[in-house]
Amino acid sequence: AQKVTQAQTEISVVEKEDVTLDCVYETRDTTYYLFWYKQPPSGELVFLIRRNSFDEQNEISGRYSWNFQKSTSSFNFTITASQVVDSAVYFCALSSNYGGSQGNLIFGKGTKLSVKP
Amino acid sequence: DAGVIQSPRHEVTEMGQEVTLRCKPISGHDYLFWYRQTMMRGLELLIYFNNNVPIDDSGMPEDRFSAKMPNASFSTLKIQPSEPRDSAVYFCASSFRRGEQFFGPGTRLTVL
């Protein structure tokens, strides 16, 4: 079975705090991709990052960083020095080739992040 | 650079009416996806196409839902007849091969 679990439904932090959003996935496939998307209050879905299952290097992009650990099937997302504009719902997603279903995304339920000034 | 275009952005209709949602993918992309987002079920895939051919429609809830992709630059999702439980935000997304999917702004559908 393929599944993405984001255990944190809502997180509230004060501006400038660091915050980590957790993502745990399940798949039987050995080749898969992991994604993070941001959905701000305006409603659109904004692509943040894609990672393939063979690349476990952590990635940093400005204040954003991602930690991929196959041993724990996790792909966590950290925002450093959070800002009010980071307030959004963040979705983790999985794309694998299990059962021939190539390309479609399996989304977690999302984590709503509120950053207060 | 035009992203994925969806129309209409908002649709309010009455139960029993036919609803057609439209999507123009990013030029050059060969995959097109239709998703639905509700509070109860989150984001779920309805159907996706590869090179205009439907590949997986197992997420389409009922026969009332149908999707077409007559060419590489246009797709429709039709609901006939619509019901209040179809109220949701419908997203179209496109990608090149298995790359990142880029989403349109969504169509907020309300069925009264």
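Further up the page is the structure itself.
Scoring rules and cut-offs
- Residues numbered from 1 in each chain as written.
- Chains lettered and ligands numbered in written order.
- Predicted model: local features only at pLDDT ≥ 70, side-chain atom pairs only at ≥ 80, totals over all residues.
- Heavy atoms only, no water.
- Helix = DSSP H or I, 4+ residues; strand = E, 2+ residues; numbered from the N terminus.
- Rg over C-alpha atoms; globule rule 2.2 N^0.38 Å.
- Buried < 20%, exposed > 50% of the residue type's maximum accessible area, 1.4 Å probe, protein only.
- Contact = heavy atoms within 4.5 Å.
- Lys, Arg positive; Asp, Glu negative; His and termini not counted.
- Charge placed at Lys NZ, Arg CZ, Asp CG, Glu CD.
- Buried area = accessible area lost by both parts, 1.4 Å probe.
- Salt bridge = Lys/Arg side-chain N within 4 Å of Asp/Glu carboxyl O.
- Polar contact = N/O pair within 3.5 Å; in protein donor to acceptor, adjacent residues only side chain to side chain.
- Nonpolar A, V, L, I, M, F, W, Y, C, P; charged D, E, K, R; others polar.
- Core = buried A, V, L, I, M, F, W, Y, C linked by side-chain atoms within 4.5 Å.
- 1 Å grid on protein atoms, 1.4 Å probe; cavity = no way out; pocket = protein on both sides within 12 Å on 5 of 7 lines; lining within 4 Å.
- Points joined across faces, edges and corners; volume = space filled by probe spheres on them.

Visitor: I'm lost on the overall build of chain B in this one. Help?
Guide: What chain B contains, in helices and strands, is 0 helices and 11 strands. Taken from the N to the C terminus, the helices and strands of chain B come in the order β-β-β-β-β-β-β-β-β-β-β. Scaling as 2.2 N^0.38, a compact globule of 112 residues should have a C-alpha radius of gyration of about 13 Å, and chain B matches this with 13 Å. Its C-alpha atoms give chain B principal-axis dimensions of roughly 35 × 25 × 25 Å. Taking all 112 residues of chain B together, 50% fall into the buried category. In chain B, 53% of the contacts between residues at least 6 apart in sequence involve partners at least 24 apart. Taking the average location of the 12 positive side-chain charges in chain B and that of its 13 negative ones, the two points are 3 Å from each other.

Visitor: Sorry, what's going on with the interface of chain B and chain A here?
Guide: With 17 residues of chain B at the interface, the matching set in chain A holds 21 residues. Summed over both partners, the interface of chain B with chain A buries about 1,700 Å², with 53% contributed by carbon and sulfur atoms. At the boundary of chain B and chain A, one finds 1 salt bridge. Here Arg50 of chain A ties to Glu100 of chain B by a salt bridge, and the two come within 3.7 Å at their closest N and O atoms. For the interface between chain B and chain A, the tally reads 4 residue pairs in polar contact (both at pLDDT 80 or more). Here the residues of the side of chain B that touches chain A sort into 9 nonpolar, 4 polar and 4 charged.

Visitor: When you look at the nonpolar core in this model, what are you seeing that I'm missing?
Guide: Counting residues in hydrophobic clusters, the biggest one holds 23 residues, and the most contacted among them are Trp36, Phe77, Tyr90 and Leu113 of chain A. Going through the elements one at a time, strand S2 (10–14), strand S3 (19–21), strand S5 (32–39), strand S8 (64–69), strand S9 (74–79), strand S10 (88–96) and strand S12 (111–116) of chain A are the ones with two or more residues in this core. Of the residues forming this core, the biggest block, 4 residues, is contributed by S10 of chain A. Among the nonpolar cores identified, the runner-up in size contains 20 residues, and Val4, Leu32, Trp34 and Met69 of chain B belong to it.

Visitor: Honestly, the layout of surface pockets in this entry has me stumped. Any pointers?
Guide: In this approach a probe as big as a water molecule rolls over the atoms, and the regions it shows empty are the leftover space. By volume, the largest pocket is sized at about 790 Å³. Elements with a minimum of two residues in the lining of the largest pocket: S10 and S12 of chain A together with strand S4 (31–38), strand S9 (88–95) and strand S11 (107–111) of chain B. With 4 residues, the top contributor of residues to the lining of the largest pocket is S12 of chain A. Counted by class, the lining of the largest pocket contains 11 nonpolar, 15 polar and 5 charged residues. The space that makes up the second largest pocket amounts to roughly 180 Å³. For the lining of the second largest pocket, the secondary-structure elements that each account for two or more residues are strand S11 (106–107) of chain A together with strand S5 (42–50) of chain B. At 4 residues, S5 of chain B tops the list of elements feeding residues into the lining of the second largest pocket. The residue makeup of the lining of the second largest pocket, split by class, is 6 nonpolar, 3 polar and 3 charged.

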